[in-house]
Amino acid sequence: MPRRTAALLVAIALGSAAAAGCSSAAGPEPAGGSSSGAGAAASVPTPVVSAPAVSASTTPAPTTPAPTAVAPTDSASTGAPAPSSSSPPAPASVSVRGTVTDGLASPWGLAVLPGGDLLVSERDSARILRVPAKDGGRTVAGTVPGVTSGGEGGLLGLALSPDFATDHQVYAYFSTGSDNRIVRFDLDPSRPAGSQLGAPTVLFSGVPHGPRHNGGRIAFGPDGFLYAGTGDANDRSLAQDRDSLGGKILRLTRDGDPAPGNPFPGSPVWSLGHRNVQGLAWDPQGRLWASEFGQDTWDELNLITPGGNYGWPTVEGAAGRAGFTDPIAQWHTADASPSGIAFARGAVWVAALRGTRLWRVPVDGDRAVGAPQDFLKGEYGRLRTVAADGDGTLLLVTDNTDGRGSPRPGDDRILRLDVNGG
């Protein structure tokens, strides 16, 4: 029985304005898309806490509601600390320092190289681009062979080896005609542009593939193992099937084997009951956070524990049911549709596609504190990926050229953000 954390469950109210307020930059999400899957609508859970979001592109007035902790209801003993009695954190402000690069075509994964250069993957072209830290130009490092694009599939997440400075190895998650898989290749910038990628080695394959819900985010954890978020491939039954790789977070060695210490012996599965995981990030204490697309009602931010069952498709959002772990925060799908996440300055930052904004969820230990804030609402359209850079700034990747957005001149782009306060 998984441990349930004490949690602040934030239900961002969806009124008529929010329903219409799906920014024109984003357009309506097609039925069965990233945030509205096919099949019967899930029943609407009763929110445990309802708190208004703080929306700001400049520093908001310090009127953040006091945090409310929700006692765990899982029948297992939680061992969770008592809710904090400290004051909620101060609101933050976000400003756009500038555009790092633009003219990208459906960008998806992002990796920060030693020295500050960037690698970015393009979902449909299967190209990996290198963006210099200094001048913001870009070159094509290479094209990943074997990628099949279409729907939500293609070249997705990127991750650098923990020893990249010496081994120069890059990991990528992508779709083929029959599955999703993870490969590894060398990056050699001394080679001519377009041919800097070595031949890929397939490390892990057989992840269910579909027109939607392919997951795709990969990242190395502080333990040195590779984590991968997968989707249910539009077959909701896979998420609760322990023998399936769909609807899971996986934990692998660098060579693609199940990592030692996984909760199910011999299995790569780290957690289950997910619909479509596209965001992974760790806080300074080594806790893993993950974003998840809901179907019709609740998108989620989850704190991941080994062996935890996060409920899909039995429950969506906070349900308070024994055996399932409730999210730390939740949003209506029109306000989020969360993809990439990052941890920085005491908060989880969430890039929202349909919601066309950047969310900040302040956390204290294993709970959210205070109300989430949203930034840049509608200003840059759909937001795919956010990453913390080494200089204390955030990198934000837009995704308006993925077939669901409304591209603007210069799309798509990578922005550099300054964060103040918080």
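Scroll up to find the structure.
To keep things clear, this report deals only with the structure shown in the data block. Bear in mind the structure is a predicted one, so any value in this text is a computation, not a measurement.

## A word on the overall build of the protein
- Counting its regular elements, the protein contains two helices and 28 strands.
- The proportion of buried residues among the 422 residues of the protein is 60%.
- Partitioning the contacts of the protein with sequence separation of at least 6, the portion at a separation of at least 24 is 60%.
- Looking at the protein as shown, the accessible area adds up to about 14,600 Å², and 52% of this sits on carbon and sulfur atoms.

## So, the environment of Ser 175
- Its location among the elements puts Ser 175 in strand β10 (residues 169-175).
- Under the relative-accessibility criterion, Ser 175 is labelled buried at 0%.
- It is 8.2 Å that separates the C-alpha atoms of Ser 175 and Gly 146, two residues lying 29 residues apart in sequence.
- A distance of 2.7 Å separates the side chain of Ser 175 from the side chain of Asn 180, its partner in a polar contact.

## So, the layout of surface pockets
- Of the volumes computed, that of the largest pocket is approximately 740 Å³.
- Lining the largest pocket are 25 residues, with Leu 110, Ala 219, Phe 220, Leu 280 and Trp 282 positioned closest to its centre.
- Of all elements in the fold, only β5 (107-112), β9 (155-160), β13 (218-220), β17 (277-282), β21 (338-344) and β26 (383-388) reach the threshold of two or more residues within the lining of the largest pocket.

## Notes on empty space enclosed by the protein
- Taken as a whole and judged by the stated rule, the model has one cavity of 30 Å³ or more.
- A volume near 40 Å³ is recorded for the largest cavity.
- Taken together, Arg 275, Glu 292, Phe 293, Gly 294, Gln 295, Trp 298, Glu 300, Tyr 310, Trp 312, Val 315 and Glu 316 make up the lining of the largest cavity.

## A short note on the packing of aromatic side chains
- Counted by the stated rule, this structure contains five aromatic pairs.
- Here Tyr 171 and Phe 220 contribute two aromatic rings whose centre-to-centre distance is 5.0 Å and whose plane-to-plane angle is 80°, an arrangement assigned as edge-to-face. With Tyr 171 in strand β10 and Phe 220 in strand β13, the pair connects residues that are 49 residues apart, well separated along the chain.
- For Phe 220, a relative accessible area of 15% gives the class buried.
- Here Trp 331 and Trp 359 contribute two aromatic rings whose centre-to-centre distance is 5.7 Å and whose plane-to-plane angle is 45°, an arrangement assigned as tilted. Here the residue Trp 331 occupies a position in strand β20 (residues 329-332), and Trp 359 occupies one in strand β23 (residues 357-364), the gap between them amounting to 28 residues.
- Using a relative accessible area of 1% as the deciding quantity, one classes Trp 331 as buried.

## Quick notes on the sheet that holds strand β28 (residues 414-421)
- Strand order in the open sheet formed by four strands is β4-β28-β27-β26, and the pairing between neighbours is antiparallel. With one partner strand each, in any of the chains shown, β4 (92-101) and β26 form the two edges of the open sheet. Recorded for the sheet is a direction-independent mean angle of 25° between the axes of neighbouring strands.

## So, unusual backbone geometry
- In the segment running from Trp 312 into Pro 313, the intervening peptide bond is cis, with an omega of 0°.
- Turning to its location among the elements, Pro 313 is positioned in the loop between β19 (298-304) and β20.
- Residue Asp 412 is bonded to the preceding Asp 411 through a cis peptide linkage, with omega at -5°.
- Of note, Asp 412 is situated in the loop between β27 (394-398) and β28.
- One non-glycine residue, Thr 356, lies in positive phi territory at about 45°.
- Looking at the secondary structure, you find Thr 356 in the loop between β22 (347-352) and β23.

## As for the environment of Leu 155
- Assignment of secondary structure puts Leu 155 in strand β9.
- Measuring from C-alpha to C-alpha, the distance between Leu 155 and Thr 143 comes to 9.7 Å, with 12 residues separating the pair along the chain.
- Other than its neighbours up to four places away in sequence, Leu 155 contacts Trp 108, Ser 121, Glu 122, Arg 123, Ala 126, Arg 127, Ile 128, Val 144, Val 147, Ala 172, Tyr 173 and Phe 174.

## Comments concerning the pattern of salt bridges
- Counted according to the given criterion, the structure contains 19 salt bridges.
- With a closest N to O distance of 3.0 Å, Asp 374 and Arg 357 form a salt bridge. One end of the pair, Asp 374, is in strand β25 (residues 373-375); the other, Arg 357, is in strand β23, and 17 residues separate them in sequence.
- A salt bridge links Asp 389 to Arg 416; the shortest N-O distance between them is 2.7 Å. Linking Asp 389 in the loop between β26 and β27 with Arg 416 in strand β28, this pair joins segments that are 27 residues apart in sequence. For the pair formed by Asp 389 and Arg 416, the shared burial category is buried.

The rules we used
Residues numbered from 1 in each chain as written. Predicted model: local features only at pLDDT ≥ 70, side-chain atom pairs only at ≥ 80, totals over all residues. Heavy atoms only, no water. Helix = DSSP H or I, 4+ residues; strand = E, 2+ residues; numbered from the N terminus. Buried < 20%, exposed > 50% of the residue type's maximum accessible area, 1.4 Å probe, protein only. Contact = heavy atoms within 4.5 Å. Areas by Shrake-Rupley, 256 points an atom, 1.4 Å probe, with all protein chains shown as cover. Polar contact = N/O pair within 3.5 Å; in protein donor to acceptor, adjacent residues only side chain to side chain. 1 Å grid on protein atoms, 1.4 Å probe; cavity = no way out; pocket = protein on both sides within 12 Å on 5 of 7 lines; lining within 4 Å. Points joined across faces, edges and corners; volume = space filled by probe spheres on them. Phe/Tyr/Trp six-rings, centres within 6.5 Å; stacked < 30°, edge-to-face > 60°. Pairing = 2+ DSSP bridges. Axes fitted to C-alpha atoms, helices over the stretch in contact; angles between N-to-C directions. Salt bridge = Lys/Arg side-chain N within 4 Å of Asp/Glu carboxyl O.

This is a description of form; function is not addressed.
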